[in-house]
Amino acid sequence: MPDGAPCADGEALERLYKKLYLTRRFEEVVAAIYSSDKIKSPVHLSIGQEAVAVGICDALRGDDVVSGTYRGHAAYLAKGGDAKAMMAELFGKDSGCARGKGGSMHLVDIAHGVLGSSAVVGSTVPIAMGYAFALKREGRGRVVAAFFGDGATEEGVLWESLNFSALHKLPILFVCENNGYAIHEPIEKRWAVRDLIAKVRAFGLPASRIDGSDVVAIRAAAVSAVAPMRTRAQGPSFIECITYRWREHVGPNADFDAGYRSRAELEPWAAADAVARIRGMITPAACQAIESEVERQVGDAVSFAEQSPVPASSELKTHVFA
Amino acid sequence: MSSLNGRRPVGANGAMTGRMLRYVDALAEAVAQEMERDPRVFVYGLDVDDHKRIQGSTKGLLERFGPERVFTTPLSEDAMTGFGIGAAMAGMRPIHVHIRMDFLMLCMNQLVNMAAKAHYMYGGTVGVPMVVRSMIGKSWGQGAQHSQGLYSMFMHVPGLKVVAPSNAYDAKGCMIAAIRDDNPVIFVEHRLLYPTEAPVPVEPFMVEFGRARLMRRGEDLTIVGISNMAVECLRAAELLADAGIAAEVIDPVSLAPLDVDTIIQSAEQTGRLLVVDNAWTNCGASAEIIARVAERPVRNRSIRFERMGFAPTTCPTTPALEQEFYPNPSRIAAAGYRLVRPGDGSWSPDPRRAELSYQVQFRGPF
C-alpha cells in the first residue's frame, strides 16, 4: 500500500484487481480481434484509464447508477455491466446490450445501473442529473456517478448541470477523466485557466483532484463524496482524475508516431499503471485465480458474441417509438 | 370554431359536452388533471411558477401541487432538456415548458441526439416519456426570434412526435395524450390561440395522434391549415363562400405522426389542395404534406397543389412589413379562388368582409 493512501483491505484489493484486470483484458482482446473486422463499431479504448471507473464504481452500490461516454467500456464493466452482452454489441449481434443498434459508443445495461453512453461530448451529463433528481425523489439513498472527459468541461452544458445540481442538492458525483487530450488536441490549446477544481468550486461544489492511476485513492474519495449524498446531508461533488490515454483516440493502436504526443509522455503513466500496482499488492494465489477467471469470462464473451445471430432485417424499424 | 366533428374523445362517452373553455385554460386543466392522476408528472421551465404563469397556461399548478412538482429553472435550456430526459428515463413524466419555440434551438442537441434516439440506440431498454411545450408568438413586434414555427425540424427526426393543436378541445386532448405517451412529444402552441374558446369536456380525454381533423366540409377545394393557420383557413373558407366556393378545411393536429390519408381522401374528391403553414414553406410541413399526397399509391384523379407560408424572410417587427410576412384569410382565399377558377385571377375578397375575418392581434404591453 502506498504511503498516505487510504487503507483498502485485502478483499477490496482483490475486488479492485479483478475489475481492473477484466477491463484491461477485455479491451486488449477487443484490440486483438479488431483487425479481423468482426467488430463492427468504432472503439475508444480506456486502456490506461481503468482505475478511474474501477475506483469510483467500487464505492457504489449495485442499485446506484453511472453514466458514461463513448470511451465507456471501463465504466460499463466496472459497474457490473454484462460482458457478454457488451461483446455481442460490439459484434453487432441481436444479443447485444442495445440489440446491435448502439455499438461501442452507446453501451447500456439498465439492470446493472449503466445508463446509455453517448457519442456527443457532455450530452450524458444532464441526463445523469435528471436521473439523480428522480433518485432523490425516490428517497432510497441511491446516487448517480457521471463520467466525462476533460473535453466535456468545454461544453456549456457541464456548467449548466453543475449549477443546477448544486442548487437542487442532487445526489450526483461528477467524475472528470482528464486524460489531457480532446481527440488529438492538448489542454494547453483549449483551456485559458488550467485549474479545473477552482472553476468547479466557484459553482458551489466540493471538488478534488486525484491521481487517476491511484485506484485506492479514487475509491476512497468516492466513498467520502457519496456517503453524505445518500442521507441528503450533501448535494453533488466533483472529482477530477488526472489520467492518460495509452491508445489512439479511436481504434486499437498506439499513435505515438503521429506527431502530436511523444512516447516519453507515456512512460510515467505506464510506470504507475494501476493494474500492475494492485497486482503487486495481492497474493500470487489470488492473482492467479482472478486472472484465470477473467480470461475465461472474456473468452466466454467472445464465444457468445461470435455464436449469437445478427438481428433480423425487420429489427431495423423496431424501437423507433416506445 | 366551426366544427370539431370527425373524432370522439376517449373517455368522454361520445357526446361533445362541456363548457366553452379557452385554449390557455384547457392546457392548464389537462396538466392539472394528469398531475392529479399520476404522481410521476411534473412541470418545469423558466417562469412556470411566476405571477404570469406562462400567459396563464400553468395557472393554479403551483398552488395545487407545490414547488416539488412545479418549479422554475435557470436559463440553461440545454442542461434542463437533458435533465428532463434523465428524469423520464428514470420513470418520471416531465413537462418542460418554453415560452417561445425559438428557444428550442438551445435544446436541439438533447432533443435530437438524445431524446429522439434513446429508445432506439439503447435497444428498447429505456424510454423518454417527456413533453416539451413551446409557444409561437405573432404580432406586436414579436420579430425575428419570437415568431418562428420550427416544428418541421422535429418532424424530420425519427423518434419524436410533434403536435400543434389549433383549438381548446384539441389542446386538452392532445396534452393528455402527450403526457401519457411513452415517447418525447414536441407540443406546439400558438400565442394567438390562447384566448380562443371551444367546447371542452370537463373530464380527461385523449385526442389520438396521427388523425387529422375535418374542420369544415366542402367539395371545391381542400385547404390544410397548420396550427394557427387552421383558424385563418376557416376564416378564408368563409370569404370563399361569398364567392360561391365551398372549401374543405383540414387541421392535421399532429404533424408526426401525420395523417396524410384524410388529406388524400379530401384532395382526391376536390382535385385541389392548398396547404397553409404557420412556418416557411422551404423543407417545411407543407412540403412534406404535398410530397406525400403526390406519392399516393392510388391516383383516381390529378390534384392541383399550392403552398402558402411565411414569406421567405426573417420576421420583421414593424406592422407595415409584418402584415406582408404572414398568410392572412384574404390572401388564402384569393389563392384558393385561383386554384378553383384558374382562368379568373382578378377576384379578391371584399376588403370590409376580409377585415372582419382578421384575427384579433396580440397587443402589448407584455
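Residues numbered from 1 in each chain as written. Chains lettered and ligands numbered in written order. Predicted model: local features only at pLDDT ≥ 70, side-chain atom pairs only at ≥ 80, totals over all residues.

Some words on the overall build of chain B
Okay, so step 1: Summing up its helical and strand segments, chain B has 13 helices and 14 strands in all.
Okay, so step 2: Computed over C-alpha atoms, the radius of gyration of chain B comes to 20 Å, within 12% of the 21 Å expected from 2.2 N^0.38 for 366 residues, which places it in the range of a compact globule.
Okay, so step 3: With the principal axes as the frame, chain B shows a C-alpha extent of 60 × 50 × 40 Å.
Okay, so step 4: Classification of the 366 residues of chain B by burial places 56% in the buried group.
Okay, so step 5: The long-range fraction of contacts in chain B, counting pairs at least 24 apart against all pairs at least 6 apart in sequence, stands at 81%. (Helix = DSSP H or I, 4+ residues; strand = E, 2+ residues; numbered from the N terminus. Rg over C-alpha atoms; globule rule 2.2 N^0.38 Å. Buried ≥ 20, exposed ≤ 12 C-beta atoms within 10 Å, placed from the backbone. Contact = placed C-beta atoms within 7 Å.)

Here's the deal with the interface of chain B and chain A
Okay, so step 1: Contacts between the two partners involve 32 residues from chain B and, on the opposite side, 32 residues from chain A.
Okay, so step 2: At the level of secondary structure, the elements contributing two or more residues to the side of chain B that touches chain A comprise helix H3 (77-89), helix H4 (108-115) and helix H5 (118-121) of chain B.
Okay, so step 3: With 9 residues, H3 of chain B is the largest single contributor of residues to the side of chain B that touches chain A.
Okay, so step 4: Looking at the side of chain B that touches chain A residue by residue, the classes come out as 15 nonpolar, 15 polar and 2 charged. (Nonpolar A, V, L, I, M, F, W, Y, C, P; charged D, E, K, R; others polar.)

Some remarks on the sheet that holds strand S11 (residues 247-251) of chain B
Residue and element names in this part refer to chain B.
Okay, so step 1: Reading across the sheet, the 5 strands line up as S9-S11-S10-S13-S14 and stay open at both edges, with mixed pairing between neighbours. At either end of the open sheet lies a strand with only one pairing partner, and these are strand S9 (213-216) and strand S14 (304-310). Direction aside, the axes of adjacent strands within the sheet are offset by 25 degrees on average.
Okay, so step 2: Two strands pair when backbone bridges link them, and S9 and S11 are joined in this way by 3 bridges, in the antiparallel orientation. Looking at the pairing, Leu214 lines up with Ile250 of S11. (Pairing = 2+ DSSP bridges. Axes fitted to C-alpha atoms, helices over the stretch in contact; angles between N-to-C directions.)

Remarks on the environment of Pro228 of chain A
All names here are of chain A.
Okay, so step 1: Within the secondary structure, Pro228 sits in helix H8 (residues 215-230).
Okay, so step 2: Between the C-alpha atom of Pro228 and that of Arg15, which follows or precedes it by 213 residues, the distance is 24 Å.
Okay, so step 3: If near-sequence neighbours (up to four positions away) are discounted, Pro228 is found in contact with Ala233 and Gln234.

A word on the packing of H3 of chain B against H4 of chain B
All names here are of chain B.
Okay, so step 1: Look at H3 against H4: their axes get within 8 Å of each other, and the N-to-C directions meet at 30 degrees. By the angle class used here, H3 and H4 are roughly parallel. Between H3, through Asp78, Thr81, Gly82 and Ile85, and H4, the contact on the second element is made entirely by Asn109, Gln110, Leu111, Met114 and Ala115.
Okay, so step 2: Classifying every residue of the contact of H3 with H4 gives 4 nonpolar, 4 polar and 1 charged. (Parallel < 35°, antiparallel > 145°, perpendicular 65-115°, else oblique.)

Topic: the sheet that holds strand S7 (residues 185-190) of chain B
Okay, so step 1: Within the open sheet, the 7 strands sit side by side as S3-S2-S4-S5-S7-S6-S12 (chain B). Their pairing is mixed. One side of each edge strand has no neighbouring strand; the edge strands of this open sheet are strand S3 (70-71) and strand S12 (254-256) of chain B.

Some details on the confidence of the model for chain B
Low pLDDT means the predicted coordinates in that region are not meant to be read closely.
All names here are of chain B.
Okay, so step 1: Scored by pLDDT, chain B comes out at a mean of 93, with 93% of its residues at no less than 70.
Okay, so step 2: Here residues 1-15 is a poorly scored stretch, pLDDT under 50, and it has 30 contacts once near neighbours within four places are set aside; other chains count.
Okay, so step 3: Overall fold confidence (pTM) sits at 0.94, and the ipTM for the predicted complex is 0.95. (pLDDT = per-residue confidence, 0-100.)

Focus on the domain arrangement of chain B
Residues and elements named next belong to chain B.
Okay, so step 1: The domain boundaries assigned to chain B delineate domain 1 (19-200) and domain 2 (213-357).
Okay, so step 2: Just the C-alpha atoms count here: the centres of domain 1 and domain 2 sit 27 Å apart.
Okay, so step 3: Every contact between the two is made by 25 residues of domain 1 and, on the other side, 22 residues of domain 2.
Okay, so step 4: Broken down by secondary-structure element, the contributors of at least two residues to the side of domain 1 that touches domain 2 are helix H6 (151-155), strand S6 (161-163), helix H7 (168-180) and S7.
Okay, so step 5: Of the residues belonging to the side of domain 1 that touches domain 2, the class tally is 13 nonpolar, 9 polar and 3 charged. (Domains from an automatic or database assignment.)

Here's the deal with the pairing of S11 of chain B
All names here are of chain B.
Okay, so step 1: Buried residues dominate S11, accounting for 5 of its 5 residues.
Okay, so step 2: The alternating pattern of S11 places Ala247, Val249 and Asp251 on one face and Glu248 and Ile250 on the opposite face, and all of these are buried.
Okay, so step 3: Of the pairings in the sheet, the one linking strand S10 (residues 221-225) to S11 comprises 4 bridges and is parallel in character. Residue pairing across strands places Leu221 opposite Ala247, the latter belonging to S11.
Okay, so step 4: You can see the chain leave S10, run along helix H8 (residues 228-242) and come back into S11, and the turn it takes is right-handed. (Right-handed = clockwise from strand over helix to strand, strands pointing away.)

So, the nonpolar core
Okay, so step 1: Membership of the largest hydrophobic core comes to 213 residues, with the highest contact counts inside it found for Tyr131 and Val175 of chain A together with Val163 of chain B.
Okay, so step 2: For this core, the two domains that each supply at least three residues are domain 1 (19-200) and domain 2 (213-357) of chain B.
Okay, so step 3: Residues within four places of Val175 of chain A in sequence aside, it is in contact with Val52, Ile56, Ala145, Ala146, Phe147, Ile239 and Cys241 of chain A. (Core = buried A, V, L, I, M, F, W, Y, C linked by C-beta atoms within 7 Å.)

Topic: the packing of helix H6 (residues 156-167) of chain A against H3 of chain B
Packed helices, taken two at a time, are described by the angle between their axes plus the distance between the axes.
Okay, so step 1: With their axes 8 Å apart at the nearest point, H6 of chain A and H3 of chain B run at an angle of 65 degrees to one another. By the angle between their axes, H6 of chain A is roughly perpendicular relative to H3 of chain B. Between H6 of chain A and H3 of chain B lies a crossing whose hand is right-handed. Facing Gly156, Val157, Glu160, Ser161 and Phe164 of chain A of H6 of chain A, the residues of H3 of chain B in contact are Asp78, Ala79, Gly82 and Phe83 of chain B.
Okay, so step 2: Its residues assigned to classes, the contact of H6 of chain A with H3 of chain B shows 4 nonpolar, 3 polar and 2 charged. (Left-handed = near helix turned anticlockwise from the far one by under 90°.)

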